[in-house]
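Report on the structure
Listed below, chain by chain, are the residues.
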Amino acid sequence: MKERPWTTNEKAFVLEAIRSGDDEEGATRLDGRHLNEHRACKINYLEEHGFVEASLGNTKALCQVQCSVVAPSADRPSEGFFRYNANLSATASPSFSDNRQSTTVIELVRLLERAFRESRALDPESLCIQSGTKVWAISVNVTILNDDGNLADVAVLVAMAGLLHFRRPYVSVEGDHVKIHAMDEHEPVSLSIHHRPLAVSIASIDGGQFLLIDPTPLEEAVADGVLTVCMNGHGEICCINSGGGTPLSKSQMLEMLHLVRRKHAVINQELEESLSKSTQPKDTVLQTSGDTEQVKSTEMETAPDTAVPVKPSSIAVEEPGTAALFQGEGSWT
């Protein structure tokens, strides 16, 4: 089934609404949001470790984190593996089909690898069991359940929540004997996470004159380009992914980074609150046959950022938990 293309009238209507509206007095987007306002964020922690659902508006994704014992690579005998996979559910969008390696899957996997692996957000040496013989391999599988725009932000968010929620079995080593304890026998171990990369996507319209946080599919269709920035809580840029060929000036890029830093603080706080309010997951074993048991879950839903936006270039207050990203007028580090 092919996806219905956007008509010229639909695109013109969205552009006219953005160009004619005054975002300081009222919303100028079709869904009632301000330009720098993201949709409601919802994080649902399932009962098993590493199973998390997250959504921004109607865009929804599922993360499943699993572990296995494997042999390490010869050149890095004391490091484990973090592997990232992305899948597109056939029901997520009319443009998706089963068992088809599309450009969307490739882009999501590359984004996850750059956000977590290349930024060294996770410690692979903490996955070592016996140097040169046994290490843990952690698989992060992200499945897009519904596509309503801005897949990048949801994919990184649900992967980060899944890694924070995941627990691996405790391992004891006595000489050459390695014992993997059951979950009910010994307290499981969380992953060693250095920092938390989160993605914020911004759509540029009219050459950067209008910057839209968390764009919808129609806004992505009319945008000159979409810039996705992954940033951690220290204000450090982990990676930047640019979709589109629109040129941006230095001042426009700085304005985008100001927006990203503000929104990262908001999303990171929502993630922290959802983790603190979630109940301790009950250890379960995944059943492949027999009767299925209803899984309880803990949900955390947050309302969208409804405060009247402030022009990003005029911000002078540091968000708590973030380092200074900008030094001086017109420069950034």
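Here the structure is a predicted model, which means the values were calculated and not measured.

Checked against the element boundaries, S274 lands in helix 5 (residues 250-277). For S274, a relative accessible area of 1% gives the class buried. With 229 residues separating them along the chain, S274 and Y45 place their C-alpha atoms 8.6 Å apart. Of note is the side chain of S274, whose polar atom sits 3.0 Å from the side chain of Y45.

We now examine the pattern of salt bridges. Enumeration over the complete set of coordinates arrives at 11 salt bridges. Salt-bridge contacts for R76 lead to E79; the nearest nitrogen and oxygen are separated by 3.7 Å. By relative accessible area, R76 is classed as exposed at 51%. R117 is the salt-bridge partner of E113, the closest N and O atoms lying 3.8 Å from each other. Note that E113 and R117 are positioned in helix 2 (residues 103-117) at a spacing of 4 residues, about one turn of the helix. A relative accessible area of 26% places E113 in the partly exposed class. In this structure R117 comes out as partly exposed when scored by relative accessible area, which is 42%. In this structure, a network of salt bridges that share partners links the residues D31, R33, R39, D148 and D214.

Turning our eyes to something else, we now look at the state of the cysteines. If you walk through the whole model with that rule in mind, you get 0 disulfides. In this structure C238 is not part of a disulfide, and its nearest cysteine sulfur, from C230, lies 6.7 Å away. When its relative accessible area of 18% is taken as the criterion, C238 is described as buried.

Our focus in this paragraph is the pairing of strand 13 (residues 225-231). With 7 of 7 residues buried, strand 13 lies mostly within the body of the structure. Bridge count between strand 11 (residues 198-205) and strand 13: 7 bridges; the pairing is antiparallel. Paired with S201 across the bridge in strand 13 is T228.

Attention now goes to the packing of helix 3 (residues 151-165) against helix 5. At a closest axis distance of 11 Å, the pairing of helix 3 and helix 5 adopts a crossing angle of 35 degrees. Helix 3 and helix 5 meet at a crossing whose hand is right-handed. Contacts between helix 3 and helix 5 involve L157, M160, A161 and L164 on the former and, on the latter, I267, L271 and L275. Of the residues that constitute the contact of helix 3 with helix 5, the class distribution is 7 nonpolar, no polar and no charged.

Residues of the protein chain with pLDDT of at least 70 account for 77%, and the chain-wide mean is 79. Below a pLDDT of 50 lies the segment residues 280-300, which in the model reaches 36 contacts outside its immediate sequence neighbourhood of four places, other chains included. Taken together, the stretch residues 306-333 has pLDDT below 50 and engages in 50 contacts with residues farther than four places along the chain or on a different chain.

This brings us to helix 1 (residues 8-20). An ideal rise of 1.5 Å per residue puts 18 Å on 13 residues; helix 1 measures up with 18 Å between its terminal C-alpha atoms. Looking only at helix 1, the buried set comprises V14, L15 and I18. Looking down the long axis of helix 1, one finds its buried residues gathered within 95 degrees of arc, a one-sided arrangement. When the buried face of helix 1 is taken as reference, the exposed residues oriented beyond 90 degrees from it are T8, N9, F13 and S20. Looking at the buried residues of helix 1, the elements they touch are strand 11, strand 12 (210-213) and helix 4 (217-222).

Attention now moves to the packing of aromatic side chains. Taken as a whole, this structure holds 1 aromatic pair when the rule is applied. An angle of 15 degrees between the planes, with centres 5.9 Å apart, marks the rings of Y84 and F116 as stacked. In this pair, Y84 is assigned in strand 4 (residues 81-88) and F116 in helix 2, connecting sequence segments 32 residues apart. For Y84, a relative accessible area of 4% gives the class buried. When its relative accessible area of 1% is taken as the criterion, F116 is described as buried. One residue, R83, lies across the ring of F81, its end atom 5.1 Å from the ring centre.

Rules behind the numbers
- Per chain, residue numbering runs from 1 following the sequence as it is written.
- Residue-level local features of this predicted model are given only where pLDDT is at least 70; pairs of side-chain atoms are given and counted only at 80 or more, and the full residue set underlies all totals for whole chains, interfaces and linings.
- Heavy atoms from the whole structure form the basis of all side-chain values; hydrogens and water molecules are not counted.
- Helical segments are the DSSP runs of H or I of at least four residues, strand segments are the runs of E of at least two, and each set is numbered from the N terminus.
- In this scheme, a residue with accessible area under 20% of its type's maximum is buried, one over 50% is exposed, and one in between is partly exposed, where area comes from a 1.4 Å probe on protein chains only.
- Counting of polar contacts relies on pairs of N or O atoms within 3.5 Å, with two restrictions inside protein: one atom must be capable of donating a hydrogen and the other of accepting it, and residues adjacent in sequence are counted only when both atoms are side-chain atoms.
- Between Lys or Arg on one side and Asp or Glu on the other, a salt bridge is scored when a side-chain nitrogen of the former is within 4 Å of a carboxyl oxygen of the latter.
- The rule for a disulfide is simple: a pair of cysteine sulfur atoms within 2.5 Å.
- The pairing criterion is simple: DSSP has to find at least two bridges between the two strands.
- A fitted line through C-alpha atoms serves as each axis, taken over the contacting stretch for helices, and the angle formed by two N-to-C directions is quoted from 0 to 180°.
- Left-handed describes a crossing in which the near helix is turned anticlockwise from the far one by less than a right angle; the clockwise case is right-handed.
- Contacts are assigned to residue pairs that have any heavy atoms within 4.5 Å of one another.
- Lys, Arg, Asp and Glu make up the charged group, whereas Ala, Val, Leu, Ile, Met, Phe, Trp, Tyr, Cys and Pro make up the nonpolar group; the residues left over, Gly among them, are polar.
- Note on scores: pLDDT gives the predictor's confidence for each residue, bounded by 0 and 100.
- By this rule the span expected of a helix is its residue count minus one, scaled by 1.5 Å.
- The reported arc concerns the directions from the helix axis to the C-beta atoms and nothing else.
- Side-chain rings of Phe, Tyr and Trp (the six-membered ring for Trp) are treated as a pair once their centres are within 6.5 Å; stacked means planes under 30 degrees apart, edge-to-face means over 60, and tilted covers the remaining angles.
- Criterion for a charge above a ring: Arg CZ or Lys NZ at most 6 Å from the ring centre, at most 35 degrees from the ring normal.

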